[in-house]
Amino acid sequence: MVKAVVLGAAGGIGQPLSLLLKNNPSVTELSLYDIVNTPGVAADLSHISTPAKVVGYLPPDDGLKKALTGADIVVIPAGVPRKPGMTRDDLFKINAGIVRDLATGIATTAPKAFVLVISNPVNSTVPIVVEVFKKHGVFDPKRIFGVTTLDVVRASTFVAEVHGDLGKAPTVVVPVIGGHSGIVPLLSQSSHPLPSGFAQESLEALTYRIQFGGDEVVKAKDGAGSATLSMAYAGVEFTNKIIRAVKGEKGIVAPSFVHLSADKNGGEALKKEIGRDLDYFSAPIELGPEGVVAIKSLGKVTDYEAGLIKTAVPELAINIEKGVSFIDSSK
Ligand code: NAI
């Protein structure tokens, strides 16, 4: 029995994400919350012949509380998306307050739920959720995740394209680390190595495409938003991994942006590898029934990748601090 809740369920990501969750037979209850349109989305999805009972909630009559009661997993794609020329950080002003209020609802109603944050800027919204949970005395670093899976999905697809065989895309695994902005694909560790003789120039172009794939979509949508369908796919990929781990499947590993105290050794080894005492980082994580089991070492990286990490870390530190101080200043 799994109750999944989507906060921001009527949006560009929220709707296809809810559809894909409804398609997972392990989900028995699906609660959809948004400030608009959830009764319609829920009625529509409720006709699909899969086990989940779907209910839509709006803010009146304690809708958020009702949506969250008994939640096992809460996925948050609520908030505004980018328009051309915007960075993820430009969204902070609006999305920080939205995520803070939703996190308060989770901390007070379903503090044991796994929380998966999609709303951007992820590098700052995850610290916001964590600070809200700390404030309510319910913080468990093993259960709060920034969803960076779209970067992983893009890496698999683009590497398969380099091989000229999209059929390989589902099985290509590339560790993508850093943050969501400050994205560092470790292409030297790809399960499907790049062709021998792959030029440094091509490697840099491929790395850039994985880092800024989001911009391709923002540009193509021309003012109508950012990635929604691929994000919904990626969000459900990660959600389903958590569900499988909770059900006892072993050895599930996926990158996610987490508080490093989630690691059994406090992330000390990783901090040494990145050369800075950051509180958060995205790295491959082993998942278990209680959430994070261990944060994996980055392993052997090339000089080029080490340089990318070095560039990403100061930016990450600023993003993280911005999230933390947003809640500190509203105490
Ligand atoms: P959208 O505008 O289509 O949908 C957002 C939904 O959030 C809307 O239905 C809106 O009514 C709802 N919402 C706003 N305030 C709310 C509140 N207080 N409570 C509940 N719901 C609320 O936007 P879209 O395209 O679905 O993007 C959502 C977020 O996901 C954006 O912040 C975007 O930047 C982010 N995103 C993250 C990615 C990632 O890789 N982590 C990739 C792509 C987008």
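In what follows, the structure referred to is the one given above.
Treat the numbers as computed from the prediction; the structure is a model and nothing was measured.

What counts and what doesn't
- Residues numbered from 1 in each chain as written.
- Predicted model: local features only at pLDDT ≥ 70, side-chain atom pairs only at ≥ 80, totals over all residues.
- Heavy atoms only, no water.
- Helix = DSSP H or I, 4+ residues; strand = E, 2+ residues; numbered from the N terminus.
- Expected span 1.5 Å × (residues − 1).
- Contact = heavy atoms within 4.5 Å.
- Near = heavy atom within 4 Å.
- Polar contact = N/O pair within 3.5 Å; in protein donor to acceptor, adjacent residues only side chain to side chain.
- Nonpolar A, V, L, I, M, F, W, Y, C, P; charged D, E, K, R; others polar.
- Buried < 20%, exposed > 50% of the residue type's maximum accessible area, 1.4 Å probe, protein only.
- Phe/Tyr/Trp six-rings, centres within 6.5 Å; stacked < 30°, edge-to-face > 60°.
- Lys NZ or Arg CZ within 6 Å of the ring centre and 35° of its normal.
- Axes fitted to C-alpha atoms, helices over the stretch in contact; angles between N-to-C directions.
- Parallel < 35°, antiparallel > 145°, perpendicular 65-115°, else oblique.
- Left-handed = near helix turned anticlockwise from the far one by under 90°.
- Salt bridge = Lys/Arg side-chain N within 4 Å of Asp/Glu carboxyl O.
- 1 Å grid on protein atoms, 1.4 Å probe; cavity = no way out; pocket = protein on both sides within 12 Å on 5 of 7 lines; lining within 4 Å.
- Points joined across faces, edges and corners; volume = space filled by probe spheres on them.
- Pairing = 2+ DSSP bridges.
- Right-handed = clockwise from strand over helix to strand, strands pointing away.

**A look at helix α7 (residues 200-211)**
Next, step 1: Helix length check: α7 (12 residues) gives 16 Å between terminal C-alpha atoms against 16 Å at 1.5 Å per residue, within 8%.
Next, step 2: Check the buried side of α7 and you find it contacts α6 (149-162), β8 (183-185), α8 (213-221) and α11 (303-328).

**A word on the site of the ligand**
Next, step 1: The environment of the ligand is made up of 29 residues, and the closest members are G12, I13, D34, V80 and H180.
Next, step 2: Measuring from an oxygen atom of the ligand, one finds a backbone N or O atom of V80 at 3.0 Å.
Next, step 3: The greatest single-element share of the shell around the ligand, amounting to 3 residues, is contributed by helix α4 (residues 92-109).
Next, step 4: Residues of the shell around the ligand, tallied by class, amount to 18 nonpolar, 10 polar and 1 charged.

**Some remarks on unusual backbone geometry**
Next, step 1: Cis geometry marks the peptide bond from N120 to P121; its omega dihedral reads -5°.
Next, step 2: In this structure, S181 is a non-glycine residue whose phi angle is positive, near 90°.
Next, step 3: Relative to the assigned elements, S181 resides in the loop between β7 (176-178) and β8.
Next, step 4: A residue is classified by how much of its surface remains accessible, and S181, at 17% relative accessible area, is buried.

**Observations concerning the packing of aromatic side chains**
Next, step 1: Tallied over the full model, the rule gives 4 aromatic pairs.
Next, step 2: Aromatic side chains F145 and F238 sit 5.5 Å apart centroid to centroid with 70° between the ring planes, which places their arrangement in the edge-to-face category. In this pair, F145 is assigned in strand β6 (residues 144-146) and F238 in helix α9 (residues 229-246), connecting sequence segments 93 residues apart.
Next, step 3: Positioned above the aromatic ring of F158 is the side chain of R209, whose terminal nitrogen or guanidinium carbon lies 3.8 Å from the ring centre.
Next, step 4: Its end group placed over the ring of F92, K322 keeps NZ or CZ at 4.8 Å from the ring centre.

**Structural notes on the packing of helix α1 (residues 14-22) against α9**
Next, step 1: Orientation of α1 relative to α9, taken along the N-to-C sense of each, is 40°, at an axis distance of 8 Å. When the axis of α1 is compared with that of α9, the two are oblique. The way α1 lies across α9 gives a crossing that is right-handed. Facing P16, L17, L20 and L21 of α1, the residues of α9 in contact are L229, A232, Y233, G235, V236, T239 and N240.

**A look at the pattern of salt bridges**
Next, step 1: Tallied over the full model, the rule gives 12 salt bridges.
Next, step 2: Where R100 meets D101, a salt bridge forms, and the shortest distance between an N and an O atom there is 3.0 Å.
Next, step 3: Residue class for D101 comes out partly exposed when judged on its relative accessible area of 44%.
Next, step 4: In this structure, K134 and E131 form a salt bridge, with 3.1 Å as the shortest nitrogen-oxygen distance. Taken as a pair, K134 and E131 lie in helix α5 (residues 122-135) at a separation of 3 residues, close to a single helical turn.
Next, step 5: For K134, a relative accessible area of 38% translates into the label partly exposed.
Next, step 6: What you see here is one network of salt bridges that share partners, running through E161, R209 and E216.

**Details of the environment of K250**
Next, step 1: Note that K250 resides in the loop between α9 and β9 (252-259).
Next, step 2: What makes K250 exposed here is its relative accessible area of 73%.
Next, step 3: On a C-alpha basis, the gap between K250 and V130 in space is 26 Å, while along the polypeptide they are 120 residues apart.

**Here's the deal with empty space enclosed by the protein**
Next, step 1: Counting across every chain of the model gives 1 cavity of 30 Å³ or more.
Next, step 2: Residue lining of the largest cavity: P111, A113, V115, F133, V138, D140, R143 and I144, and that is the complete set.
Next, step 3: The class makeup of the residues in the lining of the largest cavity is 6 nonpolar, no polar and 2 charged.

**Quick notes on the pairing of strand β4 (residues 73-76)**
Next, step 1: Neither face of β4 is left uncovered, since the one carrying I73 and V75 and the one carrying V74 and I76 both have all their residues buried.
Next, step 2: Looking at chain direction, strand β1 (residues 2-7) and β4 are connected through 3 bridges and run parallel. Considered in β4, the bridge of V6 is made with V75.
Next, step 3: As judged from the 4 bridges shared by β4 and strand β5 (residues 114-117), these two strands associate in the parallel manner. Within β5, the residue paired with V75 across the bridge is L116.
Next, step 4: After leaving β4, the chain enters α4 and then returns to the sheet as β5, a path that is right-handed.

**A word on the packing of α6 against α9**
Next, step 1: Two elements in contact, α6 and α9, have axes separated by 8 Å at closest approach and are oriented at 105°. With respect to α9, the axis of α6 lies roughly perpendicular. For the pair α6 and α9, contact is made by T149, L150 and V153 and by S230, M231, Y233, A234, E237 and F238, respectively.
Next, step 2: Broken down by class, the residue content of the contact of α6 with α9 amounts to 6 nonpolar, 2 polar and 1 charged.

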